[in-house]
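The lines below spell out each chain.
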Amino acid sequence: MKPLDNKRPGRAVDQLESWGRYPRVPARLFRPERMRDFHAGEGPSLARGLGRSYGDAALLTDGDVVLSERLDRCLEFNPEAGVLRAEAGLSLDALIRAFVPQGWFVPVTPGTAFCTLGGCVAANVHGKNHHRDGSFRQGVTSLEMLSADGSVRDLTPADGDDFEFAFGGMGLTGMIREVELQLRPITTSMMMVKHSVAGNLPELMAQMDDEARDDHYSVAWVDLLARGERAGRGVLMTGHHAEINELPMRYAAHPETLLTDRPGRARPFPFEAPTWLLSPGNLRLFNSMYHKWQGRKGTFFTPLRTFFHPLDAIRNWNRMYGKPGFVQYQFVVPFESGREAVTEAISRLNAAQASSFLAVLKRMGASDGGPLSFPMPGYTLALDIPLREGVIDLLNNLDALVADHGGRVYLAKDSALRPDTFRRMYPDWERFVNHKRQVDPDGRWQSDLARRLELV
Amino acid sequence: MTPLALETKGSVLVVGATSPIARAAAAEFARQGYAVILAARDKDELDRIAADLRIRSRVEVTLLPYDADLKGSGTRLAEIALELEPPLAGAVWVVGDLGDQERAQEDVTHAKAIVRRNFTGAIDVFTPIANAFEARGAGFLIAVGSVAGDRGRAKNYVYGAAKAALHAFMSGMRQRLDRKGVRVRVVKPGFVDTAMTFAMGPLPLLASPDKVGQAVARAATGKKDEIYTPGPWRWIMLIIRHLPERVFKKTNI
Ligand SMILES: Cc1cc2nc3c(=O)[nH]c(=O)nc-3n(C[C@H](O)[C@H](O)[C@H](O)COP(=O)(O)OP(=O)(O)OC[C@H]3O[C@@H](n4cnc5c(N)ncnc54)[C@H](O)[C@@H]3O)c2cc1C
Ligand SMILES: NC(=O)c1ccc[n+]([C@@H]2O[C@H](COP(=O)([O-])OP(=O)(O)OC[C@H]3O[C@@H](n4cnc5c(N)ncnc54)[C@H](OP(=O)(O)O)[C@@H]3O)[C@@H](O)[C@H]2O)c1
């Protein structure tokens, strides 16, 4: 590896990894403290946020990986309209801390708050409200991007592809420096939540499809380990931001606490777990208990952190999967053949004994953003699979099933997809590649994901 | 909440405000209800940091240019800061430059620049402010030094010498002004997770700039005159300071 020059202090690392801890690759890391220094290195380069993508989207073997995390300043805020302009390294965690007490929440949030605005744009993330509000794209009114030629451009929807392709662009169209976001007004920091139990998959899906049960946010937890009649049993969790008048008297009695943010203290996962911890027996036990416990809750109030980011309470929970790491597999399939595809995928996972206790099913709404943006109308299933022999083959087998049903997998979580299957899943891929050639003719921005999918 | 409380708290001048340590210190002062005056060279960064403070801490922020390498810049900065409203309650020196030790061994102008950016610049800024605080019988002066100033090391002794001089300057002012109601503090960080240390890879006892910045701001009201941060550095430096020179010169510490 080239020695690092003194002026741009970088760090050579042997094993850069993202949230799934697979794969791990050597790279040079840069962490600029000033916006002026947020730019490409000498060779192939990639912007990286907090590394909460699971696979190789934020990795670049032997390349220059530029961290945005120190560029996290709020630049403009209009307290009447709730429009915030901030640097791309601002985390949702910091945003929520600063703005919930002022009565504003993010328009869309993924299941963790430890991700950056830049990462949320690049992956065009979705939340529990996707069926109603769409992806992160919907809240963004403007972006400032650094192009491969070094120019800085302010982009709005009027700029067409230059703007849109950044959403789901996975850092390949340029470095996002600033993001302007329309925040969501809230009157309390509590959520009104309803849990309803479903005994099997058809029942669960019927509940999800039932408009009378629907709410602003909706997601279902599925027990993938239950067999026979109970296969695919789960708990549908719906909710909305509680209005003041919905809250029980004991909250309303202390109006100054209505908008408090209670991030809590994240506890570290104490050790890199041995692989037997997540044996099928243990998982089945856990799932059974979880199903009973969550199902019993009925209707209740909970702080928004607990509703949106329950896993953030344990730092490094990814160490739970032990040294080999894990993959998170998430796909979406159109409604028409959704039930069939989801049922088949679950049965293939079960046959392969790919145990998982974090499985989430949800309805998605309309697509937006660029050609590589993941969300589209249909059912999406997401689950963790501990890494071991045969898992990549299993994923490729599932990829084929998903593509056959006209669906796709989420690139921000992927580490196994092959280029031919990828092209079936993202039929507009060629538009993306052409655009990239135009804005980045020398192939400045790269990632291991882009190399694997032959986008560069 | 009395609106008057804000006014009576006054403002704090943070010199070297574009450092991530300074940014955290300024946020902590803002949280305590001070207005802040930020000074450094880099205008674009100052603007970004000021905007962030205004939005997140909802505090009054004033920006002033300061360049230790320009004659008269420090004196002018102090004069303006003393005239601003709300009145100056304290000043913090965070300016620093590790420089390039090897270059400093060849090039005396570079060595002197390191001394200016770590030490003599502070004389220009602090002298008029110290006198004003003395006359008023109140105020605080805080300097960010370094454990590197506790003992000269081959690796960075020009920087270390400048920090040692800064420590001694502050200690002298403390003896002079403490009895007049002016608090004089020195914060000596160990390794801080900044650009200075990023390239060195994982380091022991590495502190986040947020933690160090908070320690800096808390020094204003705390009882300690000299603060090591993180704490264990006090004991590490106690040992290093007491190694006999004939032993120390043979080590590579
Ligand atoms: C517990 C957990 C739950 C999650 N839940 C969801 C969910 O519900 N919905 C969902 O959509 N996702 C979810 N994710 C995935 C996560 O939200 C995305 O991967 C997101 O992109 C992570 O942001 P990051 O800042 O960590 O980006 P990184 O992981 O660091 O980077 C992700 C991609 O963004 C690019 N990028 C980052 N910053 C910039 C920039 N400034 N300019 C250009 N490109 C950039 C990178 O190059 C990379 O391609 C979850 C992840 C975790 C760990
Ligand atoms: N990082 C560490 O590990 C560590 C350890 C111990 C002590 N410290 C001390 O902590 C302080 C901050 O360090 P840091 O790591 O945060 O460094 P930094 O980011 O480089 O900050 C240095 C500050 O000094 C200012 N500065 C430098 N030269 C200047 C000049 N000629 N005129 C005016 N201002 C100048 C810079 O502002 P502009 O560039 O905008 O002018 C910046 O605000 C320094 O005193 C350092 O010695 C750091």
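Here, every reference points to the structure presented above.
Residues numbered from 1 in each chain as written. Chains lettered and ligands numbered in written order. Predicted model: local features only at pLDDT ≥ 70, side-chain atom pairs only at ≥ 80, totals over all residues. Heavy atoms only, no water.

A few points about the interface of chain B and chain A
Right, on to step 1. Tallying the contact residues gives 21 residues for chain B and 26 residues for chain A.
Right, on to step 2. For the pair chain B and chain A, the summed buried area comes to about 2100 Å², and 47% of that belongs to carbon and sulfur atoms.
Right, on to step 3. Interface area lost by chain B to chain A is led by Arg48, Ile55 and Phe198 of chain B, which between them contribute 36%.
Right, on to step 4. Here chain B and chain A share eight salt bridges between them.
Right, on to step 5. Between Arg48 of chain B and Glu87 of chain A there is a salt bridge; the shortest N-O distance is 2.7 Å.
Right, on to step 6. Applying the counting rule to chain B against chain A returns 13 residue pairs in polar contact (both at pLDDT 80 or more).
Right, on to step 7. At the level of secondary structure, the elements contributing two or more residues to the side of chain B that touches chain A comprise α2 (20-31), α3 (43-57) and α8 (195-198) of chain B.
Right, on to step 8. For the side of chain B that touches chain A, the residue count by class is nine nonpolar, three polar and nine charged. (Contact = heavy atoms within 4.5 Å. Buried area = accessible area lost by both parts, 1.4 Å probe. Salt bridge = Lys/Arg side-chain N within 4 Å of Asp/Glu carboxyl O. Polar contact = N/O pair within 3.5 Å; in protein donor to acceptor, adjacent residues only side chain to side chain. Helix = DSSP H or I, 4+ residues; strand = E, 2+ residues; numbered from the N terminus. Nonpolar A, V, L, I, M, F, W, Y, C, P; charged D, E, K, R; others polar.)

Some words on the site of ligand 1
Residue and element names in this part refer to chain A.
Right, on to step 1. Taken together, 34 residues lie around ligand 1, and Ala47, Arg52, Ser53, Thr116 and Tyr410 are the ones closest in.
Right, on to step 2. Between ligand 1 and Thr116, the relevant distance is 2.7 Å, taken from an oxygen atom to a side-chain nitrogen or oxygen of the residue.
Right, on to step 3. Grouping the amino acids of the shell around ligand 1 by side-chain chemistry returns 20 nonpolar, eleven polar and three charged.
Right, on to step 4. Each of domain 1 (74-186) and domain 2 (190-422) gives at least three residues to the shell around ligand 1. (Near = heavy atom within 4 Å. Domains from an automatic or database assignment.)

Here we look at the packing of aromatic side chains
Right, on to step 1. Tallying each qualifying case throughout the model produces 24 aromatic pairs over all chains.
Right, on to step 2. Summarising the aromatic geometry, the rings of Phe29 of chain B and Tyr34 of chain B are spaced 5.7 Å apart at their centres and angled 80° between planes, so their arrangement reads as edge-to-face.
Right, on to step 3. Under the relative-accessibility criterion, Tyr34 of chain B is labelled buried at 9%.
Right, on to step 4. Through a chain of ring-to-ring contacts, three or more aromatic side chains come together here, namely Trp19, Tyr54, Trp317, Tyr321 and Phe326 of chain A.
Right, on to step 5. The cationic tip of Lys128 of chain A hangs over the ring face of Phe307 of chain A; the distance from NZ or CZ to the ring centre is 4.0 Å.
Right, on to step 6. The aromatic ring of Trp293 of chain A is capped on one face by Lys297 of chain A, whose charged end is 4.8 Å from the ring centroid. (Phe/Tyr/Trp six-rings, centres within 6.5 Å; stacked < 30°, edge-to-face > 60°. Buried < 20%, exposed > 50% of the residue type's maximum accessible area, 1.4 Å probe, protein only. Lys NZ or Arg CZ within 6 Å of the ring centre and 35° of its normal.)

As for the site of ligand 2
Right, on to step 1. Taken together, the neighbourhood of ligand 2 is formed by 30 residues, with Thr18, Ser19, Arg41, Tyr159 and Thr194 of chain B sitting nearest.
Right, on to step 2. Ligand 2 sits at a junction of chains, with neighbouring residues supplied by chains A and B.
Right, on to step 3. A distance of 2.7 Å separates an oxygen atom of ligand 2 from a polar atom in the side chain of Arg41 of chain B.
Right, on to step 4. Note that an oxygen atom of ligand 2 is positioned 3.0 Å from one of the backbone N or O atoms of Val94 of chain B.
Right, on to step 5. With the chains in place, 91% of the 870 Å² that ligand 2 exposes on its own is no longer accessible.
Right, on to step 6. If you list the elements that add at least two residues to the shell around ligand 2, you get α2, α7 (157-177) and α8 of chain B. (Areas by Shrake-Rupley, 256 points an atom, 1.4 Å probe, with all protein chains shown as cover.)

Considering the nonpolar core
Right, on to step 1. Phe99, Leu143 and Leu361 of chain A are the most contacted members of the largest nonpolar core, which has 103 residues in total.
Right, on to step 2. When residues in this core are grouped by element, the largest group, seven residues, is from helix α10 (residues 391-404) of chain A.
Right, on to step 3. Here this core gathers at least three residues from each of two domains, domain 1 (74-186) and domain 2 (190-422) of chain A.
Right, on to step 4. In terms of nonpolar packing, the next biggest core, distinct from the first, is built from 34 residues, Ala30, Ala89, Val192 and Ala217 of chain B among them. (Core = buried A, V, L, I, M, F, W, Y, C linked by side-chain atoms within 4.5 Å.)

Examining the pairing of strand β9 (residues 152-155) of chain A
Residues and elements named next belong to chain A.
Right, on to step 1. In this structure, strand β8 (residues 140-146) lies alongside β9, joined through four bridges in antiparallel fashion. For Leu146, the partnering residue across the bridge sits in β9 and is Val152.
Right, on to step 2. Following β8, the chain reverses through five residues before pairing antiparallel with β9; Gly150 in that reversal takes a positive phi of roughly 90°. (Pairing = 2+ DSSP bridges.)

Structural notes on unusual backbone geometry
Right, on to step 1. For the peptide bond that leads from Glu85 of chain B to Pro86 of chain B, omega is -10°, which places it in the cis range.
Right, on to step 2. Assignment of secondary structure puts Pro86 of chain B in the loop between α4 (73-83) and β4 (88-93).
Right, on to step 3. Here the amide bond leading from Thr229 of chain B into Pro230 of chain B is cis, since omega sits at -5°, within 30 degrees of zero.
Right, on to step 4. In this fold, Pro230 of chain B is placed in the loop between β7 (226-229) and α10 (233-242).
Right, on to step 5. With a phi angle near 55°, Asn316 of chain A is a residue other than glycine that sits in the positive phi range.
Right, on to step 6. Among the residues examined, Asn316 of chain A registers a relative accessible area of 28% and is labelled partly exposed.
Right, on to step 7. Phi is positive for Arg58 of chain B, which is not a glycine, with a value near 45°.
Right, on to step 8. Turning to its location among the elements, Arg58 of chain B is positioned in the loop between α3 and β3 (61-65).

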